[in-house]
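Okay, here's what each chain looks like letter by letter:
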Amino acid sequence: MKVRGTVVGEVTTRTVSTSAGERDLAEVALRLREEGVSDSATDSGVLDSAGDSATDSGVTSSTDDSATDAGRSDSAGATPTTVTLWGKWTESAEVLEPGMELVVTEAERDEYRGETGYATTPASYVVVEPAYLVDVTDVRNWVECPRLYYLNKLSGVPLNYPVVKGTLVHEVFGDLLRGRDLEASIEERVEERALELGLLGESAESTAEDVRQNAAAIEGWLEQGRLSEDDEWRSEQLLISETFGLKGRADAIRRGAPVELKTGKNLKKEPRFKDKVQAALYALVLEEHGGSIDTGTLLYTKNSALDRNEETGDLTPAKDFSMGQGLLEYVLRLRNEIAAMEASGGVPTGKEGNAKCEYCFERDTCMVVSGRLDQESKAGQIGGAIPVEEREHFDRFYRAIEEERREVHREYAKLWEQSAEERADDDRAIVDLEFIEARELSGGRWELRARRRSAATSKLREGDLVLASDGEPVVGDAELARIERLDGVAPPAAEADDGPLDAEIVLTADEPVEVERLDVYPSELTTDRLLTALHDALLKGTERRKDVLFERAAPEFDAIDETFVDNNDAQDVAVRKAVGARDCALIHGPPGTGKTYTIARAIRAMVERGERVLLSAFTNRAVDNALEAVLETGIEPEDVVRVGTESGVREDMGHLRLEREGDPDARVAELQSARIVAATTATCGSRVMKEGSFDVALVDEAAQLTEPGTYAAINLAERFVLVGDHHQLPPVVQAENELAESLFERLVEAYPDAGVMLDRQYRMNQRIQAFPSTEFYDGRLRPATPDVAGRTLDDLDDVSLESLPSELADQVTFVDVPGDDERYTDAVEASRIADLIDTYADAGLAPSEIGVIAPFRAQVSEIERHVPDAVAVDTVDRFQGSSQEVIVVSFVASGELDGPIFEDYRRINVALTRPKRALVLVGDAEALGTDPVYARMLSWARR
DNA sequence: ACTCTGCATAGAGGA
């Protein structure tokens, strides 16, 4: 049976004499998980309840009586239950702390001193914090030295030749397994890496030759293998283990067993230990997937023919090794060490393992980081520590980022905790696909096609990396795939029809998965990059930069004696500050104040002064918008490079996009000669961008960025300019912690003199602007011109105010709708909104000039069913950054105005500041009146 | 309780 619970109290370890001699044991007091469904009818053999995710109980069993027994006696979890971990599992017991989760598989009931407990059996595995998904390659680092694991996490994988070459050899290996021609594969794969190779100063030819040498050994070995009929291969398998809390991607699986490729040389008889550990971890996960594995294979591609003959007599680059139960248990204990360390928020010192620092490549880095952060380390410390406040800042943000990582892991857990229907309801998956075909592409990859059976929405979009599966993303056949085409959702009428919709999905993947389901792929990439940006900012940043960031020295400015903007003082000051900033400048741009134009004007001025500029923002949309404005100032397209993915960059900016393929020197020249480089902050944190350096980094929508997110961009430049509005939406983060406040907001408050607020808005009629201005901007926001102040629908062609009913004659209207009692939708509001839109249409307004904003996605869908397609209906969050002639807001709330969505007044600010000429608020006056801010909004709207 | 954008994936190595 499987025991699962939370550790309470201390763990006691002792040695006892048994019939089998002296044995160690650890007693752990567990509060068993609340009893859920206790029946786990299937016994899959190796692992108890492998793949059986239906159960939530603390104890599940393959034999009915004990399951119900255990469930009954321990339900409610009032009294802790003692679980005895025998033998080497005591090592995992020692890392436990109260509050941690523990799982014991194949446990047995244990009566001791009249109490019922549980104990490990020889078939048991013990898993600490199973919800923390440890990456297999992380365990590989950890076994070498726990501190190496930590350092790798902080600084990321660097751009260097061995890494790029290793990646290439792996890719070619995968291609060979898929039956591709060696030379064709090498040529294409090397070409794809042109940008990275160029940055490293490597030529395509020499790299190809290098890869060829490594690949030749593999090819020869594969040829032997292919002779055997039963040699079943599969390349690159994504493996996720619910039971063991592991994830990773095996290079290949042969006859169900893991094969790992290493581009190094190994002339010893045995594989390197850490390589064995890696293979054993994959074996463990494969075991959960129903296999029973006792061998692993390591391929060392530098073992050339000469080496073999002269030194070892080995005839092959491959080393097979057998994996006993002891090794599998050992690697799981390593995994437990990492999970426990992460759960307790600890920092490894290196003393946990027995690695020898004198042989370590990372020794210098290790000592420097240890010194600067004043961390204990086996290698010792070099240099002085950074100030205490900086170390505390580092610790705080490190923890906050790790909290985000746990949220990503929680997304993984939903893959097995939620049913397919729940996933679909959460918009996290498209289920019930009808598989059409898998077609092999020329490059050895596959094109997968499927048809949608339902029109459900999801957050999956074209270009996204997804988990494509046969319907079972964890235990079934699953692979990473890219969405190439995602046909639009069919109109609602089609939903009634039971037949398949005529909406096709096209994917590309390495393996021909018979795809029936797509899930969002939870990536840790963002958290990884936030961590390295934090590290770089604090450990590599200059003293001056950190004085400014830590509010120890106010930013300084050079006086600029030039006028950049004639008719707008605040904009002109903003450009002068941006251009003259020695450290940083802060531009606060409320809605419609010409923020984008100001950015563009500042960038042109900087470029004219011979400076190299990085233009960044959190979203691709913001980057492209700003870039568009830059080009409109007359900057030559040849001076601009847009770095980003093909699907991320807006189509009309595609011609500026930096290609990564081709000739290494040419690609690097394009990047390095550009006067302006534009990329999202996530891309700024990438290996390629981190090689760059700039005079100025200009970050738009900076109030939507976390501190470390902002660092990713500003780390690359001498000076920086942040542009944003902290009274609009804050950063999107999962966990509630310091990441929710932007660096922009902190600095605006710390250095009022370094900032400028753009105070003249070019969007809203004065009547519309009045409330947001007093409520959110101290009354400082005003219309830029009399024309703006007085703009009404009458100015538009074909629209006449006379034909509108009197209730819509004012620029701001409140429509009181009692609403229904649904929580996230309101059909009454939706139908009233449809009527309003009809009324506007009758008065001559085009539907495309009306926008409808609702707080919830569900209400957005509800409204979409009632109004013409041309009307833009969306959530507040998605409306940020755009505007419409007429905006209708649906509030949904009835009765009480409670819920997090209403608590953040920045959201209502965004909603109210989208219209130019008319704003209609639709909601329940009684509910809105219960909150002071909404009450003031009401009296403004009902004037 | 709700809102939801980014990222190619992972990739190497010595006494």
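Residues numbered from 1 in each chain as written. Chains lettered and ligands numbered in written order. Predicted model: local features only at pLDDT ≥ 70, side-chain atom pairs only at ≥ 80, totals over all residues. Heavy atoms only, no water.

Basically, it comes down to this: UniProt positions are given in the numbering used here, feature names are shortened, and annotations may be inferred rather than shown by experiment.
As recorded in an unreviewed UniProt entry, chain A goes by AAA domain-containing protein and comes from Halovivax cerinus. What UniProt states about chain A under its Sequence similarities (unreviewed entry) heading is, verbatim, "Belongs to the DNA2/NAM7 helicase family."

1. Quick notes on the packing of aromatic side chains
Any aromatic ring pair is given by two values, namely how distant the centres are and how the planes are angled relative to each other. Rule in force here: Classification of ring pairs rests on two measures: the distance between centres of Phe, Tyr or Trp rings, Trp counted by its six-membered ring, which must be within 6.5 Å, and the angle between planes, read as stacked under 30 degrees, edge-to-face over 60 and tilted in between. Helix and strand definitions here come from DSSP, where helices need a minimum of 4 consecutive H or I residues and strands a minimum of 2 consecutive E residues; each element is numbered from the N-terminal end. We call a residue buried when its accessible area falls under 20% of the maximum for its residue type, exposed when it is over 50%, and partly exposed in between, using a 1.4 Å probe and counting protein chains only. A positively charged side chain is recorded as over a ring if its NZ (Lys) or CZ (Arg) lies within 6 Å of the ring centre. The angle to the ring normal must also be within 35 degrees.
With the rule as written, the count across this model stands at 13 aromatic pairs. Arranged with centres 5.0 Å apart and planes meeting at 80°, the rings of Tyr125 and Phe244 form a pair that is edge-to-face. Of the two residues, Tyr125 sits in the loop between strand 8 (115-119) and strand 9 (126-128) while Phe244 sits in the loop between strand 11 (233-241) and strand 12 (246-254), which places them 119 residues apart along the sequence. Pair check on accessibility: Tyr125 and Phe244 agree, each one buried. Arranged with centres 5.8 Å apart and planes meeting at 45°, the rings of Phe273 and Tyr330 form a pair that is tilted. Within this pair, whereas Phe273 is found in helix 9 (residues 273-288), its partner Tyr330 is found in helix 11 (residues 325-344), the two being separated by 57 residues in sequence. The partly exposed category is assigned to Phe273, whose relative accessible area is 43%. Connected via pairs of aromatic rings, a cluster forms that spans Tyr824, Phe856, Phe891, Phe902, Tyr905 and Tyr934. Between the NZ or CZ atom of Arg333 and the centre of the ring of Trp89, over which it lies, the distance is 5.8 Å.

2. Notes on the sheet that holds strand 20 (residues 478-486)
Using the following cut-off: Two strands pair if DSSP finds at least two bridges between them.
Within the open sheet, the seven strands sit side by side as 16-22-19-20-21-18-17. Their pairing is antiparallel. Looking at which strands have only one partner, the edges of the open sheet turn out to be strand 16 (429-430) and strand 17 (434-440). When strand 17 meets strand 18 (residues 446-451), the two strands line up antiparallel, connected through six bridges. When the sheet's bridge partners are listed, Arg439 is paired in strand 18 with Glu447.

3. Describing helix 4 (residues 146-155)
Residues spaced three or four apart along an α-helix point in a common direction, a consequence of the helix completing one turn every 3.6 residues. Quick reminder of the rule: Contact definition: two residues touch when any of their heavy atoms are within 4.5 Å.
Most of helix 4 is tucked away: eight of the ten residues are buried. Residues of helix 4 that are buried in the fold lie against helix 3 (136-144), helix 11, helix 12 (363-372), helix 13 (388-417) and helix 16 (525-540). One or two residues past the end of helix 4 sits Gly156, with phi positive at roughly 70°.

4. Thoughts on the protein's contact with DNA strand B
Note the threshold: Proximity criterion: a residue is near a molecule or strand once any of its heavy atoms comes within 4 Å of it. Whenever two N or O atoms come within 3.5 Å, that pair is a polar contact, provided that in protein one can donate a hydrogen and the other can accept it, and provided that, for residues adjacent in sequence, both atoms are side-chain atoms.
The environment of DNA strand B is made up of 51 residues, and the closest members are Thr137, Gly264, Tyr359, Leu525 and Thr680. Close to the protein, within 4 Å, the atoms of DNA strand B belong to sugar or phosphate groups at a rate of 51%. Interatomic distance of 2.9 Å between a side-chain N/O atom of Thr167 and a base nitrogen of DNA strand B. At 3.1 Å from a phosphate oxygen of DNA strand B is found a side-chain nitrogen or oxygen belonging to Thr683.

5. Some details on the pattern of salt bridges
If the charged atoms of two oppositely charged side chains come close together, the side chains can form a pair. Under the convention used in this document: We define a salt bridge as a side-chain nitrogen of Lys or Arg found within 4 Å of a carboxyl oxygen belonging to Asp or Glu.
Overall, the coordinates contain 74 salt bridges when judged by the stated rule. One salt bridge in this structure joins Glu402 and Arg405, with 2.9 Å as the shortest N-O distance. Of this pair, Glu402 and Arg405 both sit in helix 13, separated by three residues, roughly a single helical turn. Considered together, Glu402 and Arg405 belong to a single accessibility category, that of buried residues. Its salt-bridge partner being Glu551, residue Arg746 comes within 2.8 Å of it at the nearest N-O pair. Here Glu551 lies in the loop between helix 17 (543-549) and helix 18 (569-580) and Arg746 lies in helix 24 (residues 743-750), a separation of 195 residues in the sequence.

6. Quick notes on the UniProt feature "domain: DNA2/NAM7 helicase helicase" (unreviewed entry) in chain A
According to UniProt, the positions carrying the feature "domain: DNA2/NAM7 helicase helicase" (unreviewed entry) are residues 568-657 and 670-735. Across residues 568-657 one finds 43% helix and 14% strand; the C-alpha atoms that close the span lie 33 Å apart. Taken end to end, residues 670-735 is 24% helix and 30% strand, and its first and last C-alpha atoms sit 39 Å apart.

7. Details of a negative patch on the surface
Worth spelling out the cut-off: In this scheme, patches are assembled from residues that exceed 30% relative accessible area and form no salt bridge. Like charges are connected within 9 Å, while nonpolar side chains (Val, Leu, Ile, Met, Phe, Trp, Tyr) are connected within 5 Å. To be clear on the numbers: accessible area is Shrake-Rupley with a 1.4 Å probe, and residue cover counts the displayed protein chains and nothing else. The charge count treats Lys and Arg as positive and Asp and Glu as negative. His and the chain ends do not count. In this description, the location of a charge corresponds to atom NZ of lysine, CZ of arginine, CG of aspartate or CD of glutamate.
Residues Glu421, Glu422, Asp425, Asp426, Asp432, Glu514 and Glu516 make up a contiguous surface patch of negative charge. Positionally, Glu422 belongs in helix 14 (residues 420-425).

8. Focus on the sheet that holds strand 28 (residues 717-724)
To be explicit about the condition: In this analysis an axis means a line fitted to C-alpha atoms, helices contributing only their contacting stretch, and an angle means the value between N-to-C directions, from 0 to 180 degrees.
Read across the open sheet, the seven strands follow the order 25-26-24-27-28-23-29; overall the sheet is parallel. In the strand order of this sheet, the two ends are held by strand 25 (640-642) and strand 29 (755-757), each with one partner. Neighbour to neighbour, the strand axes of the sheet diverge by 15° on average, direction disregarded. Here helix 19 (residues 595-608) sits on the sheet in contact with strand 23 (584-588), strand 24 (613-617), strand 26 (676-680), strand 27 (694-700) and strand 28, set at roughly 175° to strand 27. Each of strand 24, strand 27 and strand 28 touches helix 23 (residues 707-714); the most contacted strand, strand 28, lies at about 135° to it.

9. As for the nonpolar core
Operational definition: The term nonpolar core refers to a set of buried residues drawn from Ala, Val, Leu, Ile, Met, Phe, Trp, Tyr and Cys, joined through side-chain atoms within 4.5 Å.
Ranked by internal contacts, the top residues of the largest apolar core, which has 85 residues, are Leu614, Ile714 and Leu722. At eight residues, helix 5 (residues 161-177) tops the list of elements feeding residues into this core. Here Ile714 is in contact with Arg545, Leu549, Ala697, Val699, Phe720, Leu722 and Leu743, once residues within four sequence places are set aside.

10. Some details on the packing of helix 31 (residues 905-912) against helix 33 (residues 932-941)
To keep it simple, the criterion reads: Put simply, angles under 35 degrees are roughly parallel, angles over 145 are roughly antiparallel, angles from 65 to 115 are roughly perpendicular, and the rest are oblique. When residues are sorted by character, Ala, Val, Leu, Ile, Met, Phe, Trp, Tyr, Cys and Pro go into the nonpolar class, Asp, Glu, Lys and Arg into the charged class, and all the rest, Gly among them, into the polar class.
Orientation of helix 31 relative to helix 33, taken along the N-to-C sense of each, is 20°, at an axis distance of 11 Å. Viewed along their axes, helix 31 and helix 33 adopt a mutual orientation that is roughly parallel. Here Tyr905, Ile908 and Leu912 of helix 31 come into contact with helix 33, specifically with Val933, Tyr934, Met937 and Trp940. Of the residues in the contact of helix 31 with helix 33, the class split is seven nonpolar, no polar and no charged.

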